[in-house]
Amino acid sequence: MGLEFATGRLADAVNWARKFSLFQYPFVTACCGMEYMALWGPRYDVARFGAEFPRFSPRQADMLMVVGTVTERQGPILKRIYEQITEPKWVISFGVCASSGGFYQNYATMPGIDHVIPVDVYIPGCPPRPEAVLDALIMLQEKIQTGQGWSQRQYQVEQERKRLDRQQTRNAR
Amino acid sequence: MTTIERDVEAHDLTIVHMGPSHPAMHGTIHLKLALEGERINKAEVDIGYLHRGFEKEAEAHCWQQIFPYTDRLNYVSPMLNNVGYAMAVEKLLGLTIPERAQYLRVIVGEIARISDHLTYMAAQTMEMGAFTPYFYVMKGRDWLWDLLEEISGARLTHSYVRIGGVAWDMPEGFAERTLAILPKIDQIVVELDKLMTRNRIFLDRMQHIAVISAEDAISYGWTGPCLRASGVDYDVRKAHPYLVYDRMDFEIPIGTDCDNMDRYLVRMEEMRQSMRIIQQALEQIPPGPVMVEDKLVVLPRKAATYNTIEEMINHFKLVIDGIRPPAGEVYSYSEAGNGELGFYLVSDGTGRPVKCRVRPPCFMGMAAMEQMITGHMVADVIPTFDTVNMIGGECDR
Amino acid sequence: MSHKALEKLRQRFSSSIVETHDFRGDDTAVIQREALVEVVSWLREVHDLELNMLTDMTAVDYLQQGHEPRFEVVYHLYSVARKHRLRLKVQLAEEDPVVDSLCEQFKIANWFEREIWDMYGIRFKGHPNLKRILLYEEFVGHPLRKDYPKERRQPLLRRPENEIAEVLARRGKARSLPTATE
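First things first, this report covers the structure right here in the doc.

Reading the values: rules and limits
- Residues numbered from 1 in each chain as written.
- Chains lettered and ligands numbered in written order.
- Predicted model: local features only at pLDDT ≥ 70, side-chain atom pairs only at ≥ 80, totals over all residues.
- Helix = DSSP H or I, 4+ residues; strand = E, 2+ residues; numbered from the N terminus.
- Contact = placed C-beta atoms within 7 Å.
- Nonpolar A, V, L, I, M, F, W, Y, C, P; charged D, E, K, R; others polar.
- Pairing = 2+ DSSP bridges.
- Axes fitted to C-alpha atoms, helices over the stretch in contact; angles between N-to-C directions.
- Parallel < 35°, antiparallel > 145°, perpendicular 65-115°, else oblique.
- Left-handed = near helix turned anticlockwise from the far one by under 90°.
- Buried ≥ 20, exposed ≤ 12 C-beta atoms within 10 Å, placed from the backbone.

A few words on the environment of Tyr75(B). Looking at where Tyr75(B) falls in the secondary structure, it is placed in the loop between α3 (67–71) and α4 (78–93). Taking C-alpha positions, Tyr75(B) is 26 Å from Met206(B), a pair spaced 131 residues apart along the chain. Contact partners of Tyr75(B), with chain neighbours within four places excluded, come to Ala30(A), Cys31(A), Met34(A), Leu156(B), Ile391(B) and Gly393(B).

The structure is reproduced here in structure tokens:
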């Protein structure tokens with residue numbers, strides 16, 4: 001009981017730290033980038049949520065913010081950047097174009113980035129108001145605190161699988 | 001094997017890729033640089049990572065449904081694109097819009113132009129390492145976007161202009177609020193000027209870099225601030241006045257050194273001239289309707305649509321079939337944030353275009369990029385790229 | 001737009017001009033494909049025309065209208081000094097969509113022609129580097145042609161099927177997000 005309590009509290013503490021120090025990788029492509037710039041500005045200050053500093057190297061980031069339309073041509077590049085970000089990582093899809101293709105339903109546009117990478121929070125809007133983005137950020141922070149992010153769950157699934165493996169080897173002996 | 005790869009083989013150069021996901025590439029430009037130490041021996045520019053199929057979408061939509069797509073072309077000054085497209089369709093229709101609508105288009109267009117140049121300043125300075133001007137600019141830009149939100153309903157993608165005029169009149173007190181904001185924006189421009197224009201580091205990084213002569217600029221089809229920085233006196237608002245620009249008193253800044261610094265200074269001065277234009281337009285604006293009275297072009301009023309059968313059918317036909325301009329082709333041009341924004345429209349008499357081509361002013365800037373950065377150092381790529389003011393939505397459409 | 005350009009063009013190249021018009025004031029001349037380079041060079045050099053900027057170049061596909069020839073390459077020329085414009089058009093049949101490149105005359109023609117090749121499949125003779133510019137090399141077809149359906153995608157990359165199945169399965173037993181009161 002004691003160990004579970006301690007690890008439970010530890011996980012909570014770690015998640016608390018993670019959610020308030022998100023380092024974003026701004027994968028900015030199109031018009032949503034303008035609202036993204038406004039988000040950094042003094043009025044809709046995103047620094048108060050701890051998510052201010054963008055890290056322009058995927059290795060140093062933990063949140064991939066896909067801002068704007070992703071075309072089919074940009075797909076492999078997005079996937080590569082996503083793979084390079086170290087775990088645990090979260091993805092926010094900013095704007096309808098990143099969420100579902102927006103109103104560009106044609107040969108060139110990918111109908112949403114979840115065709116190449118898993119997404120944690122989708123923000124609709126063309127472009128979404130900065131308040132909507134801050135709302136999404138808070139939603140993501142709640143998800144992080146409860147360990148519900150895609151990559152966090154994958155990690156838990158991995159841990160569970162390893163635990164079962166260990167148990168099986170022990171039982172087999 | 002591409003030309004750059006052949007060169008690399010031949011001269012033992014290093015290839016560095018900048019982009020297509022790079023903070024200072026405004027999102028989506030891929031530059032392949034073949035380096036000899038820090039010097040760029042050869043460069044290759046790869047665009048198209050934001051090609052969203054504007055023309056194909058336009059061919060599938062009615063004439064009036066294309067406005068949201070035009071918003072997202074040059075997305076830092078969407079009003080100017082709206083105005084350009086509306087002017088093109090009106091030229092095709094042979095329509096003259098009411099004066100008040102023309103003044104409103106000029107006012108919102110110039111506010112968009114100031115917003116465009118402010119965003120340029122923010123990007124230019126931040127990408128060179130100066131973070132402070134970015135925050136001043138964001139403060140100012142949010143004020144301008146508040147004004148545009150008041151008049152159109154949206155902060156960024158307005159779709160305020162309609163074929164035949166503008167969607168609705170400006171709200172109560174808009175003129176006073178605009179005139180109150182302009183000195184505050186001017187204050188920000190003054191602060192930017194003080195911080196950057198005579199800054200030693202800024203000058204070292206911008207002067208005498210990426211020189212394009214007037215002849216080369218014309219051969220590359222350059223227009224707008226970049227062409228004016230190369231010493232050519234061409235601004236569509238003065239050379240071919242449209243809307244009510246012939247009644248406005250403003251100047252066109254022309255550069256002399258054809259380098260990055262001049263492109264920056266031209267835009268700085270253009271912001272001040274835009275503020276003059278807005279003030280004059282707000283003084284001169286006459287009362288009157290803001291939409292032309294033409295059943296075949298303008299949707300009828302809601303009260304009439306819901307109460308009389310003729311108006312309902314009119315509304316239905318306009319929405320489902322679209323406006324039907326006569327068969328023919330036009331090329332209409334206006335001065336957008338980056339230069340001459342042209343729309344080449346081909347109509348066959350139906351409600352959908354046969355062809356809706358956008359002439360993107362920053363496409364030409366990117367075409368000249370290879371020539372501009374060859375021979376300079378890697379660190380010069382960023383200021384040069386910023387002065388071209390490539391906007392992905394417009395360059396790749 | 002002044003009509004001077006059209007007049008002079010008619011006098012000098014009467015045999016190469018198919019038709020001219022000035023709908024809504026835009027001077028337009030449809031010329032033979034073979035005369036293109038000569039006409040463009042002449043328009044640049046003539047002293048009182050000086051059409052020295054290629055403002056725009058595009059192509060139009062008239063498949064749905066049933067016009068023969070199917071394609072038209074449209075050039076917009078502008079004179080910075082004299083401030084007048086001219087539109088030149090060259091008509092190309094579907095079986096032989098080739099026209100001379102203007103890369104020697106205008107530096108921007110390089111990229112314009114690459115775009116037209118990308119979107120319409122019209123070849124430009126003498127272009128140094130005719131490859132796709134807006135789309136990726138793996139793309140098959142020329143999307144702005146009227147017979148290319150708008151929504152035919154050619155994805156380069158998609159998530160593996162098992163991952164998508166997992167997402168859908170999880171959605172079946174998804175928990176709602178914790179609220180502030182929990």
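What follows continues from the structure just given.
Contacts between the two partners involve 31 residues from chain A, matched on the other side by 26 residues from chain B. Elements that contribute at least two residues to the side of chain A that touches chain B include exactly β1 (24–28), α2 (32–40) and α3 (75–84) of chain A. No other element matches the 6 residues that α2(A) contributes to the side of chain A that touches chain B. Taken together, the residues of the side of chain A that touches chain B break down into 18 nonpolar, 9 polar and 4 charged.

Before going further, it helps to spend a moment on the sheet that holds strand β2 (residues 28–31) of chain C. Note: strands within a sheet are paired through backbone hydrogen bonds, in either parallel or antiparallel orientation. Residues and elements named next belong to chain C. Taking strand neighbours across the sheet as the criterion, the 5 strands line up as β1-β2-β5-β4-β3 in an open arrangement whose pairing is mixed. Two strands close off the open sheet at either side, each with one partner strand: β1 (17–21) and β3 (53–61). Geometrically, the sheet is characterised by an average inter-axis angle of 20° between neighbouring strands, direction not taken into account. Looking at chain direction, β1 and β2 are connected through 4 bridges and run antiparallel. Within β2, the residue paired with Thr 20 across the bridge is Ala 29. Set on the sheet, helix α1 (residues 4–12) makes contact with β1, β2 and β5 (85–92); between it and β1 the angle comes to about 160°. Here helix α3 (residues 109–120) sits on the sheet and contacts β3 and β4 (71–78); the angle it forms with β3, its principal contact strand, is near 10°.

Another point: the interface of chain C and chain B. It is common to report an interface's size as the accessible area lost on association of the parts. Between chain C and chain B, the residue contacts involve 28 residues of the former and 35 residues of the latter. Secondary structure elements with two or more residues in the side of chain C that touches chain B: β3, β4 and α3 of chain C. Among the residues making up the side of chain C that touches chain B, the classes are represented as 14 nonpolar, 7 polar and 7 charged.

What follows covers the packing of α4(B) against helix α5 (residues 99–127) of chain B. Residues and elements named next belong to chain B. Axis separation between α4 and α5 bottoms out at 7 Å; the angle between their running directions is 140°. In this view, α4 runs oblique relative to α5, as classed from their interaxial angle. Residues Pro 78, Met 79, Leu 80 and Val 83 of α4 touch α5, and the partners they reach there are Arg 105, Val 108, Gly 109, Ala 112 and Arg 113. A breakdown of the residues in the contact of α4 with α5 according to their chemical character gives 6 nonpolar, 1 polar and 2 charged.

All names here are of chain B. Relative orientation of the contacting elements α5 and helix α12 (residues 260–284) amounts to 155°, with a least axis distance of 9 Å. For the element pair α5 / α12, the angle class is roughly antiparallel. The two elements α5 and α12 cross, and the hand of that crossing is left-handed. In this structure, α5 uses Tyr 103, Val 106, Ile 107, Glu 110, Ile 111, Arg 113, Ile 114, His 117, Tyr 120 and Gln 124 to contact α12, whose residues at the interface are Tyr 264, Arg 267, Glu 270, Met 271, Ser 274, Met 275, Ile 277, Ile 278, Ala 281, Leu 282 and Gln 284. Classifying every residue of the contact of α5 with α12 gives 13 nonpolar, 4 polar and 4 charged.

Here we take up the pairing of strand β7 (residues 339–347) of chain B. Strand residues, when the strand is regular, have side chains that alternate between the two faces of the sheet. Residues and elements named next belong to chain B. With 9 of 9 residues buried, β7 lies mostly within the body of the structure. Sheet topology note: the strand β6 (residues 328–336)/β7 ladder contains 9 bridges and is antiparallel. Bridge pairing in β7 places Ser 334 opposite Leu 341. Strand direction decides the pairing type here: β7 and strand β8 (residues 355–359), joined by 5 bridges, are antiparallel. In the sheet register, Leu 345 faces β8, and the bridge partner there is Cys 356.

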